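Given next are the chains, with one letter for each unit.
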Amino acid sequence: GAGVSQTPSNKVTEKGKYVELRCDPISGHTALYWYRQSLGQGPEFLIYFQGTGAADDSGLPNDRFFAVRPEGSVSTLKIQRTERGDSAVYLCASRGSGQLSGANVLTFGAGSRLTVL
Amino acid sequence: AQKVTQAQTEISVVEKEDVTLDCVYETRDTTYYLFWYKQPPSGELVFLIRRNSFDEQNEISGRYSWNFQKSTSSFNFTITASQVVDSAVYFCALIGFGNEKLTFGTGTRLTIIP
């Protein structure tokens, strides 16, 4: 697609429920990132995929969070047993393989706003 | 550890005024990149500029200009003759060469008053 697409744009759930957030990166982009943005804060890194594999998941806060990218394109961020503290905007970004690592110009999606009641 | 500080939480200026957004960073990397992103109400982060640590030349793009000073670890952003469409949250960010994690500041909410 022309840009990074994220669904749903808004998700309201109850504490303890399971949620999935989807990211469709720009076609052909091999690198995909998830960031979390809490209210009044800057985005914080969660996980980075190169192709199908998670190359760096050091930002995932705990084992309730998991992400997959089975075919190297669409990615799903999965959150189990949601807590109120998980409420945030979850941003996805992608970049093409031709760009140097460390000189990333990431293209971000509009995010999925998660509210845990 | 890397850190980006944007001390200005909110700024309001009247349209056509100039405004400067401050960014101070900390890093132990000798090679790194600095970025500015704009986040309008729609939520997407829009890339504005990337600057590498070896290039301290100031850059101008239309009404936007950036002042990178390695000696003070600052990368400030000036908007000249501000317009209402400039209203957004602006983020400064840093990444080390070879790294994949962008470190963002907390952002500055800029409001341009018509």
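See the structure printed just above.
Residues numbered from 1 in each chain as written. Chains lettered and ligands numbered in written order. Predicted model: local features only at pLDDT ≥ 70, side-chain atom pairs only at ≥ 80, totals over all residues. Heavy atoms only, no water.

*Asks:* Before we move on, can you summarise the sheet that holds strand 3 (residues 19–24) of chain A with the specific residues and values?
*Replies:* Within a sheet, each strand pairs with its neighbour through backbone hydrogen bonds, oriented either parallel or antiparallel. All names here are of chain A. Taken together, the four strands give an open sheet; going across it, the order is 1-3-8-7, and neighbouring strands pair in antiparallel fashion. Both edges of this open sheet fall to strand 1 (5–7) and strand 7 (65–68), since each of them pairs with a single strand only. With strand direction ignored, the average angle separating the axes of adjacent strands in the sheet is 15°. As paired strands, strand 1 and strand 3 are joined by three bridges and run antiparallel to one another. Within strand 3, the position partnered with Thr7 by the bridge is Arg22. (Pairing = 2+ DSSP bridges. Helix = DSSP H or I, 4+ residues; strand = E, 2+ residues; numbered from the N terminus. Axes fitted to C-alpha atoms, helices over the stretch in contact; angles between N-to-C directions.)

*Asks:* I'd love a proper account of the state of the cysteines, names of residues and values included.
*Replies:* Residue and element names in this part refer to chain B. Across all of its chains, the model carries two disulfides over all chains by this definition. With its sulfur 2.0 Å from that of its partner, Cys23 forms a disulfide with Cys92. In this structure, the disulfide formed by Cys23 and Cys92 twists by about -65° around the S-S bond and is classed as left-handed. One end of the pair, Cys23, is in the loop between strand 3 (19–21) and strand 4 (24–26); the other, Cys92, is in strand 10 (residues 88–96), and 69 residues separate them in sequence. Look at Cys23 and you get buried, because its relative accessible area is 0%. (Disulfide = S-S within 2.5 Å. Buried < 20%, exposed > 50% of the residue type's maximum accessible area, 1.4 Å probe, protein only.)

*Asks:* I'd like a description of the environment of Ala31 of chain A, backed by residues and values.
*Replies:* Residue and element names in this part refer to chain A. Secondary-structure assignment places Ala31 in strand 4 (residues 31–37). On the basis of relative accessible area, Ala31 is assigned to the buried category, the value being 0%. In this structure Ala31 touches Tyr48, Phe49, Gln50, Arg69, Ala93, Ser94 and Arg95, once residues within four positions along its chain are discounted. (Contact = heavy atoms within 4.5 Å.)

*Asks:* Quick one: what's the story with the environment of Asp86 of chain A, residue by residue and with numbers?
*Replies:* Residues and elements named next belong to chain A. Position of Asp86 relative to the elements: it lies in the loop between strand 8 (75–79) and strand 9 (88–95). The spacing of Asp86 and Ala2 is 84 residues in sequence and 29 Å in space, taken between C-alpha atoms. Leaving out residues up to four positions away in the same chain, Asp86 has contacts with Arg36, Arg64, Phe65, Ile79, Leu114 and Val116. Within the structure, the side chain of Asp86 is placed 2.8 Å from the side chain of Arg64, a separation counted as a polar contact. Side-chain polar atoms of Asp86 contact the backbone nitrogen of Glu83, separated by 2.8 Å. (Polar contact = N/O pair within 3.5 Å; in protein donor to acceptor, adjacent residues only side chain to side chain.)

*Asks:* Let's hear about the layout of surface pockets: which residues, and what values?
*Replies:* Put simply, the largest pocket is a space of about 670 Å³. As for the largest pocket, its lining consists of 31 residues, and the residues nearest its centre are Gln37, Leu39 and Arg113 of chain A together with Gln39 and Arg109 of chain B. Among the elements of the structure, strand 9 and strand 11 (112–116) of chain A together with strand 10 and strand 12 (108–113) of chain B are those that each provide at least two residues to the lining of the largest pocket. No other element matches the four residues that strand 11 of chain A contributes to the lining of the largest pocket. Residues of the lining of the largest pocket, tallied by class, amount to eleven nonpolar, 17 polar and three charged. (1 Å grid on protein atoms, 1.4 Å probe; cavity = no way out; pocket = protein on both sides within 12 Å on 5 of 7 lines; lining within 4 Å. Points joined across faces, edges and corners; volume = space filled by probe spheres on them. Nonpolar A, V, L, I, M, F, W, Y, C, P; charged D, E, K, R; others polar.)

*Asks:* Summarise the pairing of strand 4 of chain A; cite the residues concerned and give the values.
*Replies:* All names here are of chain A. With seven of seven residues buried, strand 4 lies mostly within the body of the structure. Burial of the side chains of strand 4 extends over both faces: Ala31, Tyr33, Tyr35 and Gln37 are buried on one face and Leu32, Trp34 and Arg36 on the other. As paired elements, strand 4 and strand 5 (residues 44–50) share six bridges and run antiparallel to each other. From the neighbouring strand, Tyr35 faces strand 5, where its bridge partner is Phe45. What sits between the antiparallel neighbours strand 4 and strand 5 is a turn of six residues, in which Gly40 has the positive phi angle 75°. As judged from the seven bridges shared by strand 4 and strand 9, these two strands associate in the antiparallel manner. The residue bridging Gln37 from the neighbouring strand is Val89, located in strand 9.

*Asks:* Can you lay out the nonpolar core for me, pointing to particular residues and giving the numbers?
*Replies:* All names here are of chain B. Ranked by size, the top nonpolar core spans 23 residues in total, and within it Trp36, Phe75, Phe77 and Tyr90 carry the most contacts. If you tally residues by element for this core, the top one is strand 10, at four residues. In this view, Phe77 contacts Val19, Thr20, Leu21, Trp36, Leu48, Tyr64, Ser65, Trp66 and Tyr90; residues no more than four positions away in its chain are not counted. (Core = buried A, V, L, I, M, F, W, Y, C linked by side-chain atoms within 4.5 Å.)

*Asks:* Tell me about the side chain of Thr13 of chain A, residues and numbers included.
*Replies:* Within the fold, Thr13 of chain A resides in strand 2 (residues 10–13). Once residues within four sequence positions are removed from consideration, Thr13 of chain A is found in contact with Val19, Thr82, Leu114, Thr115, Val116 and Leu117 of chain A.

*Asks:* Kindly report on the interface of chain A and chain B, identifying the contributing residues and their values.
*Replies:* Taken together, the contact pairs 22 residues of chain A with 22 residues of chain B. Roughly 1800 Å² of surface becomes buried between chain A and chain B when both sides are summed, with 54% attributable to carbon and sulfur atoms. Counting across the chain A and chain B interface gives two salt bridges. Of the charged contacts, one joins Glu100 of chain B and Arg95 of chain A as a salt bridge, the two residues approaching to 2.9 Å between their closest N and O atoms. The interface formed by chain A and chain B holds six residue pairs in polar contact (both at pLDDT 80 or more) in total. (Buried area = accessible area lost by both parts, 1.4 Å probe. Salt bridge = Lys/Arg side-chain N within 4 Å of Asp/Glu carboxyl O.)

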